[in-house]
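# Fold and contact review
The residues making up each chain are set out below.
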Amino acid sequence: MRRLTDRHRGGRGRRTGRFAGAVAAALALTAGPLGAAGFAQQPPAGAQAKLDNPYEGARLYVNPDWSAKAAAEPGGDAVADEGTGVWLDRIAAIEGTRDAMGLREHLDAALQQAGGKPVVVQLVVYDLPGRDCAALASNGELGPEEIGRYKSDYINPIRDILRAYSSHPNLRVVTTIEPDSLPNLVTNVSGRPTSTPECDEMKRNGNYIEGVGYALAQLGAISNVYNYIDAGHHGWLGWDSNLQPAADVMYQAARAGGATPADVHGFIVNTANYSALKEKNFSVGDTVNGQPVRQSTWVDWNQYVDELGFAQGFRRAAVSAGFSSGIGMLIDTSRNGWGGPDRPTGPGPTTSVNAYVDGGRYDRRIHVGNWCNQAGAGLGERPRSSPASGIDAYVWMKPPGESDGSSTEIPNNEGKGFDRMCDPTYQGNARNNYNPSGALPNAPLSGTWFPAQFQQLLKNAYPPVS
Ligand code: BGC
């Protein structure tokens, strides 16, 4: 995974508590063919109608693989029963490997956890050809031209398995569709100072658009599957020059590969990123001594300073692009807590815009474009449904404790490269305005367990973990 700014604005109880509500079962039975959100998808006879918000009234599936790793860390049992995303990050992940459960096993385990009540399984669909075109840490197994294999060997098998489970009345499957890919087509292509030849290639061959469209179409046709397309984060797409163009590219993808916009239930922001949920000590419209905070080094003319504002703004842009006004947003709050002793307790001094913003901001990254294993981060809001207007849920799509990338080169057979944004000694590139990477040292390959990171996340959790 990489997430970056286009810096020149183009820069112990199970889940029953917070998720189980009373109305879900009733809603599942009563939502008409248009659904509460106006999704014009006719369910096949006997299948569920799509719900406005699949998270409402359901518990979250707890991935036993992740949960065991979290519980084995000191203090980790306090969060080991949270629901986290299951990343289908290679073809082999569908059937499972010696160390990881396959998709069928996850679905069976979810039904067992559900005990006859609604449960949400959160999947991350992440294997596009030429994956992660502006970074190296999460390059994948498929080359830029392998769209045929993406469809036949990756999406089709996932579709077939999900279809086989679609008649379970209590099972809801949320998919995060292809993190980082469409945002890269906006900010990291020719004409931008942050372009890469790899992203130019993916724009030229159209395989991100075609692949996302195909995934949306095949999975969206299943009655209990809810597609949310990844929409970057505020420090990537928050600038005017990026926001509407990104929503437009998503609309284009939603009409490619056999998809229609009705296959899109919504969008997810901040996937595997660290951007704060809500900066309470300053807002984008503030001025200091007559100077707008937008001109501070940290904000750098962005229109958004946090993920809640960005999610709501992106939702509006998506509706302007042509998506249904019923779409909902998810925010990945797995690692954006920024608590601990260094968390500011009030606004910064009003001596300058920089002093004010830097003294008050919760997000303590060196630069908002830093994305790998960030030092100082903490677990964010625990997952919950309908937390704010337009937001379907706060989710932990990135499983806390799994690395974003290795800090030195590690040979592997997953196609993953070594990205120096994960090296704590690196001094940066155009995408983080030549700042130090802010990454933790001694990190393993992306996706593998990183105990020191998990322990830091626990220690700096906000809200704190009791
Ligand atoms: C990695 C995936 C991993 C995911 C979740 C990504 O950065 O590339 O392999 O499954 O993170 O940890």
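Fair warning: this is a prediction, and the values are worked out from it, not measured in the lab. (Residues numbered from 1 in each chain as written. Predicted model: local features only at pLDDT ≥ 70, side-chain atom pairs only at ≥ 80, totals over all residues. Heavy atoms only, no water.)

## Focus: the site of the ligand
For the ligand, the set of nearby residues contains eleven residues, the closest of which are Asp 89, Ser 138, Lys 398, Glu 402 and Lys 416. One of the side-chain nitrogen or oxygen atoms of Lys 398 is found 2.9 Å away from an oxygen atom of the ligand. Between Glu 402 and the ligand, the recorded distance is 2.5 Å, taken from a side-chain N or O atom to an oxygen atom. Notes on the ligand: free accessible area 310 Å², of which the protein chains cover 97%. Spatially, the ligand is embedded in the largest pocket. When the residues that make up the shell around the ligand are grouped by side-chain class, the tally is four nonpolar, three polar and four charged. (Near = heavy atom within 4 Å. Polar contact = N/O pair within 3.5 Å; in protein donor to acceptor, adjacent residues only side chain to side chain. Areas by Shrake-Rupley, 256 points an atom, 1.4 Å probe, with all protein chains shown as cover. 1 Å grid on protein atoms, 1.4 Å probe; cavity = no way out; pocket = protein on both sides within 12 Å on 5 of 7 lines; lining within 4 Å. Sits in = over half its atoms within 2 Å of the grid points. Nonpolar A, V, L, I, M, F, W, Y, C, P; charged D, E, K, R; others polar.)

## Observations concerning the confidence of the model for the chain
Residue-level pLDDT values for the chain average 91, and 90% of them are 70 or greater. Here residues 2-41 is a poorly scored stretch, pLDDT under 50, and it has 123 contacts once near neighbours within four places are set aside; other chains count. (pLDDT = per-residue confidence, 0-100. Contact = heavy atoms within 4.5 Å.)

## Brief notes about the environment of Asp 358
Note that Asp 358 resides in helix 13 (residues 353-360). We classify Asp 358 as partly exposed; its relative accessible area is 37%. (Helix = DSSP H or I, 4+ residues; strand = E, 2+ residues; numbered from the N terminus. Buried < 20%, exposed > 50% of the residue type's maximum accessible area, 1.4 Å probe, protein only.)

## Structural notes on the packing of aromatic side chains
In total, this model carries eight aromatic pairs according to the counting rule given. Between Phe 310 and Phe 314, the ring centres sit 6.1 Å apart and the planes meet at 45°, which makes this aromatic pair tilted. Of the two residues, Phe 310 and Phe 314 both sit in helix 12 (residues 307-321), four residues apart, roughly one turn of that helix. In terms of burial, Phe 310 and Phe 314 fall into one category: buried. A network of ring pairs unites the aromatic residues Tyr 251, Phe 267, Tyr 304, Phe 310, Phe 314 and Phe 323 as a single cluster. The aromatic ring of Tyr 362 is capped on one face by Arg 343, whose charged end is 3.7 Å from the ring centroid. Just above the ring of Trp 298 sits the side chain of Arg 361; from NZ or CZ to the centre is 3.8 Å. (Phe/Tyr/Trp six-rings, centres within 6.5 Å; stacked < 30°, edge-to-face > 60°. Lys NZ or Arg CZ within 6 Å of the ring centre and 35° of its normal.)

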